[in-house]
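Geometric and topological summary
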Amino acid sequence: MTVPVRTRFAPSPTGSLHIGNVRSGLFAYLYARHNHGQFILRVDDTDRERSTKQSLEEILADLKWLGMEWDEGPPDEAYFQTNRVERHREAALKLLRERKAYPCYCSAEELDAKRKQAERERRRPVYDRKCRGLDFPADLPLPDKSAGRNYTIRFAMPLDGETIVDDLVKGRMVFQNSELDDFIIVRSDGSPIYNFASILDDVDMQITHIVRGDDHVSNTPRQMQMAYALGFTPPAFAHLPQVLGPDGSPLSKRHGATSVIAYRENGYFPEAMLNYLARLGWSHGDQEIFSKDELINFFGFEACGKSAGVFNAEKLLWLNFHYLKERPLPRLVAEIKPFIAQRGWPIPGDDAWLEKAVATLHERAKTLVELVDFASFYLKDDIATDSKAAAKFLKPEIAEPLRALAAEIESHEGEVSEASVQAVFESVLARFNLKLGQLAQPVRVALTGGTVSPGIYEVIAVLGKRRTVDRLNAAVRLIVPTA
């Protein structure tokens with residue numbers, strides 16, 4: 001009988017969710033969903049000094065925003081690693097009792113001296129197993145410096161044979177056990193180390209597949225041997241190549257925004273982020289745009305690349321632009337409102353009007369933040385006029401045509417439409433013998449504060465008669481202060 005697939009994502013709440021980290025979580029999520037399995041969220045919060053409630057809440061919000069829903073996990077306290085410390089200590093004692101682990105009395109100074117000596121001799125700095133042969137009582141407790149038990153616990157690696165990792169991405173990797181040192185599993189203060197706690201949690205939670213970055217490859221044979229020693233079959237592993245910056249170094253803050261929240265707050269869509277991260281190391285033919293359902297249907301580790309993926313912010317922005325253009329206007333209006341509020345501007349109460357405004361801009365903006373910026377002249381009345389634009393287009397000779405345009409628009413019965421605005425423009429152009437550009441650009445500067453906007457008829461139809469007339473008259477007063 002086939003064992004149901006169970007994958008996990010185990011972020012540490014010590015900071016924002018990194019793009020490279022969430023990419024591993026996404027692949028674990030897609031694999032579980034593709035195989036009709038379960039996706040588990042575990043919080044690896046053993047770094048108590050750096051773990052914060054704020055980071056945890058941010059990570060959970062990021063995952064919900066991305067649509068990476070979990071089947072088991074927070075708020076259930078059983079999925080917080082700090083709540084499983086007694087289980088980790090119990091397992092360490094089991095290894096100690098069975099002589100699969102042993103106490104190490106080497107001081108930090110002694111180990112540091114050995115490491116430096118190995119470096120001088122150009123040897124790999126591995127522990128020399130000095131304490132492995134020492135006898136110790138069967139009931140030796142775990143270390144506790146405060147109680148005078150000043151030692152660590154090391155795992156006794158097999159001294160011969162091989163550890164074979166049939167990685168789902170990298171293929172078969174073979175490690176000689178003799179080259180793997182006896183590493184510490186419990187510190188001198190009695191706290192289990194992460195690598196030990198992590199694999200124990202994985203087998204206890206019946207995780208079938210561990211998906212993570214290939215910077216963890218060196219941990220894998222050690223974790224597999226710990227699982228064997230505890231009587232468990234380790235999960236399968238899929239190690240993904242790292243995500244690099246454009247310069248070929250690991251993606252970091254010097255490359256720009258690297259956290260999920262940064263893109264969320266900058267008005268990106270979760271669909272764009274999911275789509276981009278999935279394509280960062282995985283492919284399905286030449287297809288570039290994927291819905292979430294398509295990602296789930298098509299995903300498999302056999303289509304993951306073996307070389308590092310390079311994060312391309314422009315490609316992500318292009319994807320976001322695609323999703324923004326395709327967004328139904330009512331949905332876009334709902335999504336833009338929090339970004340309007342962030343500016344401190346009043347949110348229009350008329351959704352139909354806001355849809356009209358957004359419709360004139362949504363094929364220009366690439367993010368929701370940019371869309372709000374572009375819509376600023378619609379959303380507030382105290383628009384700032386670009387001084388260079390004013391100097392170039394708001395000249396004395398255009399004052400009378402602007403005044404005439406304002407008068408004709410004001411005398412128009414009812415609210416204006418694009419067609420009625422066009423008719424008024426044609427009347428004023430003929431009256432003053434002007435070409436469209438000679439009038440349209442000054443009007444654009446008067447109404448929007450700049451020289452770039454949607455079509456001027458569209459702009460006026462959205463602004464409405466009263467606001468248009470007021471802004472045109474304000475421009476005339478700017479040109480002719482006594483007007």
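What counts as what
Residues numbered from 1 in each chain as written. Predicted model: local features only at pLDDT ≥ 70, side-chain atom pairs only at ≥ 80, totals over all residues. Heavy atoms only, no water. Helix = DSSP H or I, 4+ residues; strand = E, 2+ residues; numbered from the N terminus. Rg over C-alpha atoms; globule rule 2.2 N^0.38 Å. Buried < 20%, exposed > 50% of the residue type's maximum accessible area, 1.4 Å probe, protein only. Contact = heavy atoms within 4.5 Å. Areas by Shrake-Rupley, 256 points an atom, 1.4 Å probe, with all protein chains shown as cover. Lys, Arg positive; Asp, Glu negative; His and termini not counted. Charge placed at Lys NZ, Arg CZ, Asp CG, Glu CD. Core = buried A, V, L, I, M, F, W, Y, C linked by side-chain atoms within 4.5 Å. Expected span 1.5 Å × (residues − 1). Arc of directions from axis to C-beta. Polar contact = N/O pair within 3.5 Å; in protein donor to acceptor, adjacent residues only side chain to side chain.

**Brief notes about the overall build of the protein chain**
Of the regular secondary structure elements, the protein chain holds 20 helices and 11 strands. Its C-alpha radius of gyration of 32 Å places the protein chain more than 25% over the 23 Å reference for a compact globule of 483 residues. Dimensions along the principal axes, computed over C-alpha positions, put the protein chain at roughly 105 × 50 × 40 Å. Counting the 483 residues in the protein chain, one finds 51% classified as buried. Contacts in the protein chain between residues far apart in sequence, at least 24 positions, make up 75% of those at least 6 positions apart. Put simply, the protein chain shows about 22900 Å² of open surface, and 51% of that area lies on carbon and sulfur atoms. Separation of charge centres in the protein chain, based on 62 positive and 67 negative side chains, amounts to 4 Å.

**Focus: the nonpolar core**
Counting 108 residues, the largest nonpolar core has Tyr378, Leu402 and Val443 as the members making the most contacts within it. When residues in this core are grouped by element, the largest group, 9 residues, is from helix H1 (residues 19-34). If we ignore the near neighbours within four places in the chain, the residues touching tyrosine 378 are Trp353, Ala357, Thr360, Leu361, Pro454, Glu458, Val459, Val462, Leu463 and Arg467. Core analysis: the second largest hydrophobic core is formed by 42 residues, Leu96, Leu142, Tyr151 and Val186 among them.

**Digging into unusual backbone geometry**
Geometrically, the link from proline 74 to proline 75 is a cis peptide bond, its omega value of 10° lying close to zero. Position of proline 75 relative to the elements: it lies in the loop between helix H2 (53-66) and helix H3 (85-97). In this structure, arginine 99 takes a positive phi of about 60° despite not being glycine. In this fold, arginine 99 is placed in the loop between H3 and strand S3 (101-104). Taking relative accessible area as the criterion, arginine 99 reaches 40% and is therefore assigned partly exposed.

**Topic: helix H20 (residues 465-479)**
The terminal C-alpha atoms of H20 lie 21 Å apart, and with 15 residues this matches the ideal 21 Å at 1.5 Å per residue to within 8%. By the burial criterion, the buried members of H20 are Lys465, Thr468, Val469, Arg471, Leu472, Ala475, Val476 and Ile479. The arc that holds every buried residue of H20, seen down its axis, measures 165°, which confines them to one face. Residues of H20 that are buried make contact with helix H14 (376-379), helix H16 (399-411), helix H18 (436-448) and helix H19 (456-463).

**Side note on the side chain of glutamate 72**
Mapping glutamate 72 onto the fold places it in the loop between H2 and H3. Polar contacts involving the side chain of glutamate 72 include one to the side chain of arginine 6, which spans 2.9 Å. Within the structure, glutamate 72 has its side chain in polar contact with the side chain of tyrosine 79 (distance 2.5 Å). The contact partners of glutamate 72, leaving out residues within four places of it in the chain, are Arg6, Gln38, Phe39, Ile40, Leu41 and Tyr79.

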